[in-house]
Every structure is written in C-alpha cells, then in structure tokens.
Amino acid sequence: MTLLSVSEARERILSNFQPLTTELLPLADCVQRVLAQDVRAETDLPSFDNSSMDGFAVRSADAADANPASPRSLRVVADIPAGSSPTISLVPGEAARIMTGAQMPDGADAVVPVENTDFDNRKAGAPHPEFVVISDSVNAGQNVRPRGMDVHAGDIVLQKGRALKPQDLGLLAMLGFATVGVHRKPRVALFSSGDELLDVDAPLEAGKIRDSNSYMLASLSASAGAEVIKLGAAKDKYASVKALLEKTVNQNIDLILSSAGVSVGAFDFVKDVIESNGNLDFWRVNMRPGKPLAFGEYKKIPFIGLPGNPVSAFVGFEVFVRAALGRLSGVSDGGRQTVRVRSEAEIVSDGRESYLRATIREDNGVLSASLTGHQGSGNLLSLVQADALLIIPAGVKCVPAGQEVNAWLL
Ligand code: AMP
Ligand code: MG
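All values reported here derive from a predicted model rather than from experimental measurement.

A. Molecular detail of the overall build of the protein. Within the protein, the secondary structure is distributed over seven helices and 28 strands. Since a compact globule built from 410 residues should have a radius of gyration of about 22 Å, the 31 Å found for the protein marks it as more spread out than a globular shape. Considering the protein as a whole, with its 410 residues, one finds that 44% of them fall into the buried category. Partitioning the contacts of the protein with sequence separation of at least 6, the portion at a separation of at least 24 is 72%.

B. Structural detail: the nonpolar core. Within the largest apolar cluster, 39 residues are counted, with the highest numbers of intra-cluster contacts made by Ile13, Ile304, Phe317, Phe320 and Leu325. Here this core takes eleven residues from helix H6 (residues 310-329), the largest share from any one element. The residues touching isoleucine 304, leaving out its near neighbours within four places in the chain, are Ile13, Leu255, Ile256, Leu257, Ser258, Leu293, Ala294, Phe295, Val321 and Ala324. With 19 residues, the next largest nonpolar core counts Ala189, Ala234, Ile256 and Leu280 among its residues.

C. Layout of helix H1 (residues 6-14). Taken as a whole, H1 has its buried residues at Val6, Ala9, Ile13 and Leu14. The buried side chains of H1 occupy one side of the element, clustering within an arc of 130 degrees when seen end-on.

D. Representation of the site of ligand 1. Close contacts around ligand 1 come from 17 residues, with Glu196, Asp211, Ser212, Gly308 and Asn309 the closest. Between an oxygen atom of ligand 1 and a main-chain N or O atom of glycine 308, the distance comes to 3.2 Å. For the shell around ligand 1, the elements supplying multiple residues, two or more each, are strand S13 (187-193) and strand S15 (209-210).

E. Region of the structure containing the sheet that holds strand S6 (residues 72-80). Across the sheet, five strands lie side by side as S8-S5-S7-S6-S9; this open sheet has mixed pairing. A strand with exactly one partner marks an edge of an open sheet, and here the two such strands are strand S8 (110-113) and strand S9 (131-134). Looking at each pair of strands side by side, their axes are set apart by 40 degrees on average, direction ignored. When strand S5 (residues 55-58) meets S8, the two strands line up antiparallel, connected through four bridges. Note that in S8 the partner of alanine 57 across the bridge is valine 111.

F. Structural detail: the environment of serine 84. You can see serine 84 is positioned in the loop between S6 and strand S7 (94-98). On the basis of relative accessibility, which here comes to 26%, the residue serine 84 falls in the partly exposed class. In this structure the C-alpha to C-alpha distance between serine 84 and glutamine 103, which are 19 residues apart in sequence, comes to 7.0 Å. Engagement of the side chain of serine 84 in a polar contact is seen with the backbone oxygen of proline 81, the distance being 2.8 Å.

G. Looking closely at the side chain of serine 192. Along the chain, serine 192 turns up in strand S13. Its relative accessible area of 2% is what places serine 192 among the buried residues.

H. Local environment of the sheet that holds strand S21 (residues 301-306). Taken in spatial order, the seven strands of this open sheet run S1-S18-S20-S21-S17-S13-S16, and their pairing is mixed. With one partner strand each, in any of the chains shown, strand S1 (2-4) and strand S16 (227-234) form the two edges of the open sheet. Averaged over all adjacent pairs, the angle separating strand axes in this sheet is 25 degrees, with direction ignored. Looking at chain direction, strand S18 (residues 278-285) and strand S20 (residues 293-298) are connected through six bridges and run antiparallel. Residue pairing across strands places aspartate 281 opposite phenylalanine 295, the latter belonging to S20. Sheet contacts for H1: S1, S18, S20 and S21; angle to S18, the most-contacted strand, approximately 165 degrees. Contacts between helix H4 (residues 238-246) and the sheet are confined to S13, S16, strand S17 (255-259) and S20, with S16 contributing the most and set at about 165 degrees to the helix.

Rules used throughout
Residues numbered from 1 in each chain as written. Chains lettered and ligands numbered in written order. Predicted model: local features only at pLDDT ≥ 70, side-chain atom pairs only at ≥ 80, totals over all residues. Heavy atoms only, no water. Helix = DSSP H or I, 4+ residues; strand = E, 2+ residues; numbered from the N terminus. Rg over C-alpha atoms; globule rule 2.2 N^0.38 Å. Buried < 20%, exposed > 50% of the residue type's maximum accessible area, 1.4 Å probe, protein only. Contact = heavy atoms within 4.5 Å. Core = buried A, V, L, I, M, F, W, Y, C linked by side-chain atoms within 4.5 Å. Arc of directions from axis to C-beta. Near = heavy atom within 4 Å. Polar contact = N/O pair within 3.5 Å; in protein donor to acceptor, adjacent residues only side chain to side chain. Pairing = 2+ DSSP bridges. Axes fitted to C-alpha atoms, helices over the stretch in contact; angles between N-to-C directions.

Next comes the structure, spelled out in structure tokens:
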C-alpha cells in the first residue's frame, strides 16, 4: 500500500475526472447547476431610465432652490404607472405623478418622493392632484435609475464554472435567458456494505447497527450537486456486492461511491469484486481520520471506497469526493472555503494531516475554536455538534493554545 499525502491522493483522483457534457436547461431548473460558458448581457439593466420612488417626476431646474419659505407649485399633467411608456414631454412648470419602476417621461430628470410634497392622498386609486407643491430643493438625477446603471449590454455578468445561486437566476431572468447552458449533473451510485447494517426503520437486533452512512453520504453528494442513485446495502459476500455493483452498468453513472468493506477485514469483499471487474488502487493516505482509501473503477466506472466509520466517511467525502464531484460538475472553485481560527487550547496531533471536529466562537472579529467531545471516528455526535473541521497539517504534533490553524466551516 502506497503512503500518499492528502494532496497527492486528491490530485491522483482528480486526474481521472473531467467536466461532464453540457445541456440547455429551462432557467427554473438551473439553481446549483454550473455554467458551461460565460453569460454576456444582451441588454442594459435597467433598460430604460425609471423612477426609484413613488412620487412626482419633475424638471430639476423648476425646483432647484425650492425651500419651505419659497415653495414651488407645478402643474401635474400626467399619471405614469409602472409598465406604461409615457408619450408626454414635460415643459417648464410641469410634473407627472410617477410610480416606482415606471419609465421617466421626456423632459424630466428627477423624482420628488410623494412624502416630500403637499399631496397627502396616498390611497390606492386616488386621482393625481392638479398641482403639487415642493418645498425642498431638487437635484438633477435624484431618485432616477438611469438606463445601464447596473449592467451594460456586452458585459460578462456571470462566468463559466460558476454554480448558479438563486440571485443569479434572478439576473438571468432580468436579461431574458429562458434557457441556460449548464453542465450535466454527476450521477452518483451509492451503496453501503456490511452484514451488520439495518434499514433505518427496522427494529434494532443484537449486534446490528443502522445504515447511517447512506443517508449522510446521499445528502452530502446532493449538496455537492450530484444526482444520487441509492443502491442499498450489500452483505459481506462476494455475490451480494457483485449483484449490487452490476446495477451501475449502462446507467450513465459517473461515480460509484461506497462506504466500508474495503479494509483488511476477513469479510471485506468490496475490494475483491472491484479488482476482478476493473481495477483498484489501495492507498494509505497520511490523514486522520481516514483508514486506507480505495480508488479504482468497476467496468470502467470510477469508484471511490470510503471507510465505514461514519466520521471517516464524512471526512473522506469532504476531502476527496467533493473535489471529484466539483471537477465533474465543471465548477471552477469547488471545495469548502478555508478560514483561519485560533485554537483555544493546546491540540495534540500524531503527525498525520488531521481533520478535527470543533465549535467556533467569534470575539471581536477573531474566530476561536475548541474541539467537540470524542474525536474517535465512530463518534458521530461530536461531528453533529461541530461547526468546523480544523485542519492540522502533516508533520505537526502539537498546536499550542492561541495558535491559528486552517478550518473548513461546515
Ligand atoms: P468496515 O470498514 O467494514 O470495517 O467498517 C468500519 C466501521 O464502520 C464498523 O464499525 C462498521 O460497523 C461501521 N459501518 C460500516 N458501514 C456503516 C454504515 N453504512 N453506517 C454506519 N456505520 C457503518
Ligand atoms: Mg465491514
């Protein structure tokens, strides 16, 4: 078994994955999907000068030095609701009542909010007054959103490789993109293995445990943008593992992900089945938690075998699988964001790259971390209680209290 650093193992895995083909999807289906090309605006935003307030569109010169001692009265010549396109042109001494988002009439260059006028009938449906009195000075451009203020036609507004957020969908809709070119979603076939595993709704039996990894890994995969095909749990028998893996063939699966059964136990058949139907690399990665990591392919479909212990499976997913799914999805900046945190107490490590469960506290802009309970790889509660994984680099055996380390926020 080869001893690899975390980054070597990750690079080796990543070199086997390429961004998936692209498809044109209805905009509503594009959240979390990754853009296959840059998006260039074809129109200005806003595409016409419009009011940012409910009020009165005016010529600023008419009321440039209005004040309470010397108010200006303007004749109101039109009503401009949102959605209309005014055909009038204001001449000196004229105003038009205008609503938020409505197009500015020709001649007007400012909007006086209704609150700053003498017009106090603000009930819906009230007709506009004949005159409106303004008692404060008006500046050219006030409360007007000029055409192109946000986006200019021709600007690149979203870049290839971006996982689309809800607000991106809003912008794409503003720009009139009914469909968007995105990468196909990775299809992940997921299975657990072990004779000890029971379904979540089965009564506990002596010696058995519930298959928790399948729930955790399915939702981790979905959170990384994958479509998950749950294959269930294989028994610790060659034929059972083989029957289950056979279900991945011809199903356009991009990654087979498993937990357990790839260790050196007498009943760890997953590795045998993979080896005799493809190939398997078995790596000892210099990390903790994380037993050996299995990587290979089953009938040409990439395979990652995570450890069975729940916390090891979680960390293995975050360190290796998230990156692989990111590569398949075409994201340019996959992976979790790293922050610097100060350890509240001394941390003893064993020299492997360690991922430790911790809670984070913020004090005057400084993040400090303390470990949550038992750090054993079977203790899931301490992961549930954690809001970060501290990353202690390889080669470090002691982090003194007060020292900063990298952390991934969960
Ligand atoms: P193994 O890799 O098969 O030696 O399993 C290591 C540990 O992980 C054992 O304690 C297993 O019972 C546990 N384990 C394996 N699969 C799962 C699973 N799907 N959910 C929760 N724990 C599991
Ligand atoms: Mg087992």
